[in-house]
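Remarks on the overall topology
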Amino acid sequence: MIFDSYEGYKQAGFKPKVCILGSGPAGTTIARKLGAAGIPVVVLEAGSREFSDESQDFYRGKTVGDFYFDLDITRLRFMGGSSNHWAGWCRVLDRQDFEPKAWAPDTGWPISRADIEPYLKEVHDILELPDFRPDVPVSDDIRWVQLIKSPAVRFGEKFADELDRSKNIAVVLNTYATELIGDGKRVTGAKVWSNGQDAGTFSADYFVTCTGGLENSRLLLWSNERSNGGVVPNAAALGRYWMEHPTFEGGNAILANYSEFEVDASNEAFFSPTLAAMERLQIMNFGIRLIESPYPNVKKLIADLACTAPNMAEWMSSQLDQRLRCAAQLYVAWEQAPLASNQIELSKTDVDHAGVPRIELHWKKSPLERRTLIEGLKLFGTTLAQKNLGRVRIDDWISNGADYPTNEETAGHHHMGGTRMGTDVLKSVVDANCKVHGMANLYVGGSSVFCTSGQCNPTTTITALACRLGEHLGKVIAV
Amino acid sequence: MSRFIRRISRRAIVQALITLPALSLFRNPPAPANPDEIDRDEIVEINGWILRRSDLA
Ligand SMILES: Cc1cc2nc3c(=O)[nH]c(=O)nc-3n(C[C@H](O)[C@H](O)[C@H](O)COP(=O)(O)OP(=O)(O)OC[C@H]3O[C@@H](n4cnc5c(N)ncnc54)[C@H](O)[C@@H]3O)c2cc1C
C-alpha cells in the first residue's frame, strides 16, 4: 500500500510491527524483506512521489572545512531517495576493506565480507547486475578491478507497484519523522510532521532509521538531545567518523594499447592497489578510473613529453600516426582515513521548517589521504612503465603540493559513517547487527554504519547490509 | 711560537680545504660512463612523468 498522506494512512487502521524511516535503497530493501517474511511494516517517507524544491529545502545545511557540495544538492528527499539520481556504479567492498589496518587508526569492521556474501545474489537481482569478474593482478602492486555500471535502479519507480500491492507494507509519503523518543532502553515512538504541521507520535515495536548517510546522524543527534540521551545512550561516536570518497583528476596516461585492459561499456577501466602495496606504503585504498580521452589530447600529451624525453615522444608520435597509441584521463577516488573530527553536528542557529536543527558538516581531508593520492598515481605509473603498458603524467597541482582544485568532481556524493558499526561503544554507535548499542528496538540502515569506506561506491554494500538486517530483524521478531 | 702555531694551523686549514673535495671525490666514484652500466629499466619521475630511464635516451 502507498499512502500519499499520513492522514490517509491513519484511516486505514494498519498495525505495523516495524517502522522504517526513509524509502531509499536501504529502507525499501529492508521493508521488502520484512514484508516477504509476513511482518507488517510501515515506511515513513518525508518526501512525496516526485522531486520538489519545498522538500529539498529540509536538506539544506552548512559545511565547515574543505569545499563540499551543498547539502541539499548531494542527495534527494523523495520516494526512492538518492537512487533517483545515482549513477549506478556498483561493486561490493573488498574483503580487505573490512580488515583493520595497523597504519590507519580506527579501521576494521566487526563483520567480514563473508557476512554479507550470502546476500549478494539478492543484491544482484535488486540492482540488476551481472556477476562480478574477479580482480586481475596487473603487477604486485596494482590490480584491475571491476565496477559495474548498472541500469541505476530507481527504487521508487522499480518497486512502486510491488509496494502498492503489498498487504504487509505501507509506504506513507509526505511524512517526516522529526524525532525519535526513547527512554535509554527502547524507542517508544516517533514524532511525525505532516502537511506542514506536527501530526503526533507514531508507535511501533521496532524502528529502523534509513534516512541516508547524513540524515541518520542528524535525526539521532536531535532525538538524543531531546530525549536527554534516551535514544543513543552511548553517543560518543554519534555523528563522527564521517567519510566520503574524494575524487579528483590526477593525471593522464599514454597507453600502448587501450584494449590491454578489459574496459566496460563506457570504455572505462578501474585499478586499485593490492593489500601488500597499501601495507608497504602505509596508504589507504584507492581507485584509479581510466577514461579514454579524445585524439587531440594525445597530441598535447606527447608534445609535453617531448620536453622531457624527446626521442620517446618522437617514437610515440610516429605510433600515434598509425593509431597505435591513445590517451586517457586518470581520475582518482580514495578511501578516507576514518577521523572522529570529521563529523556531523547540529547547527546552533539554523533550523528547518519543522524546527529541527540543520546539519553542520565538519569535513577535512587528511595528510594520509594526500599521500594516498600521490603514492597511488606513482604506483600506477610505475606499473605501466615497468610493464611497458604506457606512461603516466601526474598533474602539476599534485606534484607541486598545491591545494585541491575546487572546480572538479570533488567527491562521490557517498555519505558514510556517523553511526558506525563496532564493539567499542566509545567509537561506534551500532553493533554488528546494526542495532544501536544499549537500545532494544532501534536499528540503523544505510552507509552511516560503514566503519571504513573502501574505494568503491557504497550502494551495493548498502543493499547487501539491508538484506542482512531485514533477515536478522525478521528472525528477532519471529522469536 | 704562537705566531708559528697560528701559521701552521692556517696552513693546515688551507690544506684540509684543498684535500677534502679530493677525498670526497675518492669516496664517491664518478657515475659509470659506460652506458651498459646504467639501469635502463630504472623508474624515474621527471616533470610529472613516470618514465623508464631508457625513455630519456
Ligand atoms: C549524484 C549522485 C550519484 C551517485 N552515484 C552513485 C553510484 O554510482 N553508485 C553508488 O553506489 N552510489 C551512488 N550514489 C549514492 C547513492 O545514491 C546512495 O548511496 C544511496 O541512495 C543511499 O541509500 P539510502 O537508502 O541509505 O539513503 P537515501 O537514498 O538518501 O534515502 C533516504 C530516504 O529517507 C528519506 N528521509 C530523510 N529523512 C527522513 C525523515 N526524517 N523521515 C522520513 N523520511 C526521511 C528521504 O526522503 C529519502 O527518500 C550517488 C549519489 C548521488 C547524489
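Preceding this paragraph is the structure being described.
Every residue gets a number counted from 1 within its own chain, in the order that chain's sequence is written. Note on labels: chains are lettered from A, ligands numbered from 1, in written order. Per-residue local features of the predicted model are confined to residues with pLDDT of at least 70, and side-chain atom pairs are confined, for both listing and counting, to 80 or more; whole-chain, interface and lining totals are unaffected and use all residues. As a convention, hydrogens and water are excluded, and side-chain values are obtained from all of the structure's heavy atoms.

**Quick look at the interface of chain A and chain B**
In this analysis, two residues are considered to be in contact whenever any of their non-hydrogen atoms come within 4.5 Å of each other. Every contact between the two is made by 20 residues of chain A and, on the other side, 12 residues of chain B. Carbon and sulfur atoms supply 57% of the area buried between chain A and chain B, which totals about 1,400 Å² over both sides. The three residues of chain A that bury the most area against chain B are Thr308(A), Arg391(A) and Arg393(A), which together make up 32% of that side's buried surface. Each reported salt bridge corresponds to a side-chain nitrogen of Lys or Arg within 4 Å of a carboxyl oxygen of Asp or Glu. Put simply, chain A and chain B have 2 salt bridges between them. Two parts lose some accessible area (1.4 Å probe) when they are put together, and adding that loss for both gives the buried area.

**Observations concerning the sheet that holds strand S1 (residues 2-3) of chain A**
Consider a sheet: its strands pair through backbone hydrogen bonds, and that pairing is either parallel or antiparallel. All names here are of chain A. One requirement defines pairing of two strands: DSSP has to find at least two bridges between them. Secondary structure elements follow DSSP: runs of H or I of four or more residues count as helices, runs of E of two or more count as strands, with numbering from the N terminus. The 6 strands are arranged S1-S9-S3-S2-S13-S24 in an open sheet whose pairing can be described as parallel. Of all strands in the sheet, those bounded by a partner on one side alone are S1 and strand S24 (442-444). As paired elements, strand S13 (residues 206-209) and S24 share 3 bridges and run parallel to each other. Bridge pairing in S24 places Phe 207 opposite Leu 442. This element, helix H2 (residues 25-36), spans strand S2 (18-21), strand S3 (41-44), strand S9 (169-172) and S13 of the sheet and lies at about 160° to S2. Helix axes are fitted to C-alpha atoms over the stretch in contact, other axes to C-alpha atoms as well, and angles between N-to-C directions run from 0 to 180 degrees.

**Structural notes on the pattern of salt bridges**
Residue and element names in this part refer to chain A. Within the structure shown, the criterion is met by 33 salt bridges over all chains. Linking Arg 218 and Glu 215 is a salt bridge whose minimum nitrogen-to-oxygen distance equals 2.5 Å. Of this pair, Arg 218 and Glu 215 both sit in helix H6 (residues 215-226), 3 residues apart, which is roughly one turn of the helix. For Arg 218, a relative accessible area of 2% translates into the label buried. The cut-offs for exposure are 20% and 50% of the maximum accessible area for each residue type, with area from a 1.4 Å probe on protein chains only; residues under the lower value are buried, those over the upper are exposed, and the others partly exposed. In this structure Glu 215 comes out as buried when scored by relative accessible area, which is 8%. One network of salt bridges, in which partners are shared, links Lys 33, Glu 122, Glu 471 and Lys 475.

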